[in-house]
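Residues per chain, in single letters:
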Amino acid sequence: MNGRSGRPSGPDKSDPSAPSDRPGAQGPALSRRTLIGAAGLGAAALTAAASGTAGAAGSLTGSGSSGSGSSAQRRAHAFLAAAMDGYPDHGDLRLTQSYTDQAGLFSTAFTYDNALAILAHLATRTEAGRRRAVALGDALLYAQAHDPVYDDGRLRQAYNVGPYVFFDGVAQPDGFVRADGTANVGTQFGFTGTAVGDMAWAGIALSALAGRTGKRRFLDGAVRIGTWIEVNGGTDQPLGGYKFGVDGANAKLPFSSTEHNTDLVALFGRLALLTGDPVWRQRRGRARAFVEKMWEPDGRFFYTGTNDGVTVNKAPVPEDTQTWTHLALDSRRYSRSLDWAAAELAVLDRADRTNSTVPAGQSYEGVTFSSASLLANEDAPIAEFQPRPDRNGVWFEGTAHLALALRDRAGHGDEARAHRLVASIERAQELLGTGQTVGSRTLPERAGVVSASSPLDTGFGFGYYPYRHTGATAWYLLAAARSNPLRA
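All values derive from a computational prediction rather than experimental measurement.

Novice: Is there a simple way to explain the sheet that holds strand β7 (residues 252–253) in this structure?
Specialist: Backbone-to-backbone hydrogen bonds join strands into a sheet, with any given pair of strands oriented parallel or antiparallel. If you walk across this open sheet you meet the 3 strands as β5-β6-β7, and the pairing is antiparallel. Sheet topology places β5 (194–195) and β7 at the edges, where each strand pairs with a single neighbour.

Novice: I'm lost on the packing of helix α2 (residues 71–84) against helix α12 (residues 414–431) in this one. Help?
Specialist: A pair of packed helices is captured by two measures, namely the crossing angle of their axes and the spacing between those axes. Two elements in contact, α2 and α12, have axes separated by 11 Å at closest approach and are oriented at 60°. As the angle between them shows, α2 and α12 are arranged oblique. When you trace α2 past α12, the crossing you get is left-handed. Residue-level contacts link A72, R75 and A76 of α2 to E426, Q429 and E430 of α12. A class-by-class count of the residues in the contact of α2 with α12 yields 2 nonpolar, 1 polar and 3 charged.

Novice: What is the right way to read the sheet that holds strand β12 (residues 312–313) from this model?
Specialist: The sheet built from 3 strands is open, its strands ordered β8-β11-β12 with antiparallel pairing. The open sheet is flanked by β8 (256–257) and β12, the only strands paired with a single partner. Relative to β12, strand β11 (residues 305–306) runs antiparallel, the two sharing 2 bridges. Each residue of the ladder has a partner; that of G305, found in β12, is N313.

Novice: Help me understand the nonpolar core, please; the structure alone is not making it clear to me.
Specialist: Grouped burial of nonpolar side chains is what soluble globular proteins tend to show. By size, the foremost hydrophobic cluster in this structure holds 111 residues, and its most contacted members are W201, I229 and W475. Top element by residues in this core is helix α5 (residues 196–213). It accounts for 11 residues. One finds F106, F166, F369 and L456 within the second-largest nonpolar core, a separate group that totals 20 residues.

Novice: Where do I start with the side chain of Q436 in this structure?
Specialist: Summarising the element assignment, Q436 is placed in the loop between α12 and β15 (437–438). Among the polar contacts made by the side chain of Q436, one reaches the side chain of T100 at a distance of 2.7 Å. From its side chain, Q436 meets the backbone nitrogen of R468 in a polar contact 2.9 Å long. Sequence-distant contacts of Q436, defined by excluding residues within four places in its chain, comprise T100, Q102, L443, P466, Y467 and R468.

Novice: Just to check I follow, could you spell out the packing of aromatic side chains for this structure?
Specialist: What characterises a pair of aromatic rings is the spacing of the ring centres plus the angle enclosed by the ring planes. Counted according to the given criterion, the structure contains 32 aromatic pairs. Members of the aromatic cluster, joined through ring pairs, are F106, F110, Y164, F166, F167, F189 and F191. Positioned above the aromatic ring of Y150, the side-chain terminus of R154 is 3.6 Å from the ring centre. Across the ring face of W280, the terminal group of R283 is positioned such that the distance to the ring centre comes to 4.7 Å.

Novice: Sorry if this is basic, but what is going on with unusual backbone geometry here?
Specialist: One can expect most non-glycine residues to show negative phi and most peptide bonds to be in trans. Cis geometry marks the peptide bond from A315 to P316, where omega comes out at -10°. Topologically, P316 is positioned in the loop between β12 and α9 (320–329). The phi torsion at D330 lies on the positive side, around 50°, for a residue other than glycine. Checked against the element boundaries, D330 lands in the loop between α9 and α10 (337–344). Using a relative accessible area of 49% as the deciding quantity, one classes D330 as partly exposed. Residue F385 is not a glycine yet carries a positive backbone phi of 75°. Examined against the element boundaries, F385 turns out to sit in the loop between β14 (363–367) and α11 (396–409). In this structure F385 comes out as exposed when scored by relative accessible area, which is 57%.

Novice: Please clarify how the pattern of salt bridges should be interpreted in this entry.
Specialist: Where charged atoms from two side chains of opposite charge come close, those side chains can pair. One pass over the structure, following the stated rule, counts 24 salt bridges. Between R178 and D174 there is a salt bridge, with its nearest N and O atoms 3.9 Å apart. Connected through shared salt-bridge partners, R336, D339, R409 and D414 make up one network.

Novice: I'm lost on the pairing of strand β13 (residues 346–350) in this one. Help?
Specialist: Regular strands show a simple pattern: their side chains alternate between the two faces of the sheet. Of the two faces of β13, only the one carrying V347 and D349 is buried; A346, L348 and R350 on the other face are not. Direction of pairing for β13 relative to β14: antiparallel, over a ladder of 5 bridges. Within β14, the residue paired with V347 across the bridge is G366.

Conventions adopted
Residues numbered from 1 in each chain as written. Predicted model: local features only at pLDDT ≥ 70, side-chain atom pairs only at ≥ 80, totals over all residues. Heavy atoms only, no water. Pairing = 2+ DSSP bridges. Helix = DSSP H or I, 4+ residues; strand = E, 2+ residues; numbered from the N terminus. Axes fitted to C-alpha atoms, helices over the stretch in contact; angles between N-to-C directions. Parallel < 35°, antiparallel > 145°, perpendicular 65-115°, else oblique. Left-handed = near helix turned anticlockwise from the far one by under 90°. Contact = heavy atoms within 4.5 Å. Nonpolar A, V, L, I, M, F, W, Y, C, P; charged D, E, K, R; others polar. Core = buried A, V, L, I, M, F, W, Y, C linked by side-chain atoms within 4.5 Å. Buried < 20%, exposed > 50% of the residue type's maximum accessible area, 1.4 Å probe, protein only. Polar contact = N/O pair within 3.5 Å; in protein donor to acceptor, adjacent residues only side chain to side chain. Phe/Tyr/Trp six-rings, centres within 6.5 Å; stacked < 30°, edge-to-face > 60°. Lys NZ or Arg CZ within 6 Å of the ring centre and 35° of its normal. Salt bridge = Lys/Arg side-chain N within 4 Å of Asp/Glu carboxyl O.

Shown next as structure tokens:
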């Protein structure tokens, strides 16, 4: 799953106790895509129980925000619109459902995915896209102002946006706004914690809205997010930077992530520009210094982070710390990380691969999630009740990261490689994830990118599967539009 998504709390992917210092060794599991609730169920372990149960009563027309671009881009926007409009009887104030119903996460809307949806809508440069982005931004502000417990500017990992009956038979009857007026936090799966990275992406989206619309409320919301991060994530440990966030019981999590600090380079940079306050530039420098300490000059890639603020965790090595660093840092010194990701994480998925679910005659190229994904145990399920992984499964969100970063770098051969990756994503949108629904309503035809071509083990204790996904679709649209969300 994503979002980032569903595993119980545990050691961070930056844990220095990983069993080997070579890239690719399997280490303890937790990332921003991790469940950080106090005591939640792992969503991935429950997915199969609900797969295929959603019907197709009704349909979603998917009046998208595109208005321009290729047919593939218009269909991707139609998916984002449909996932946003899946529960029309539950009010205009709403977020976008992250995955189709078949993923078993019901109406879960991850904060990270909705931040990406805002940025993808804004990238259209259309009035329709701006309206959808503003609506989602206002929903994030509502969640910030109407948390059922806290009034400190935080957002939770995920929210519910429509009714459902949970696996235990207990009904969740509300939309995004509960009957008492509070935001409908995703307690059923334990999506109740607050990660610095999720907050950073929400702040990036709100600051982008502030810049586009000139509306003060969006900047105020982004500043509240930045302030929360400073209070709850700042550290004076030797490696510096910012910590992971808090779990659902509000206990601070001890590890620090390269990915999170990269996000903060972008957020704090935007806040510095928009507010003129030099404190944000100082905080940006602190986050950047942490990221630069994670650089491996011999291999020319970035490590994943630290568990104790002292020791760098050297395995596994994920994709996003290679691509997002380029998008945020804009530094030739570190741009070879893209070559590492393109070479070391490259996969080709086709029907004859072990455990592949790709239909006969189809193939997809791209990158996988991490060095550990290439070493996944293909004889055992990713998690309880889940299928066995395909080591060659393509992670389409990461493939879009890489395509956008290559286009941004614009070196010799970069555009040709990016074009092939985007074409692979577009082919997946055409052919994978058919018959899936949102809110039991039929999606527009050939709309939305699945998160993975086949079941994929991230190496961090959770997997990705061939379900159409808001995050993967939004990243595809950003890559297609050549819109870099991590650079102000």
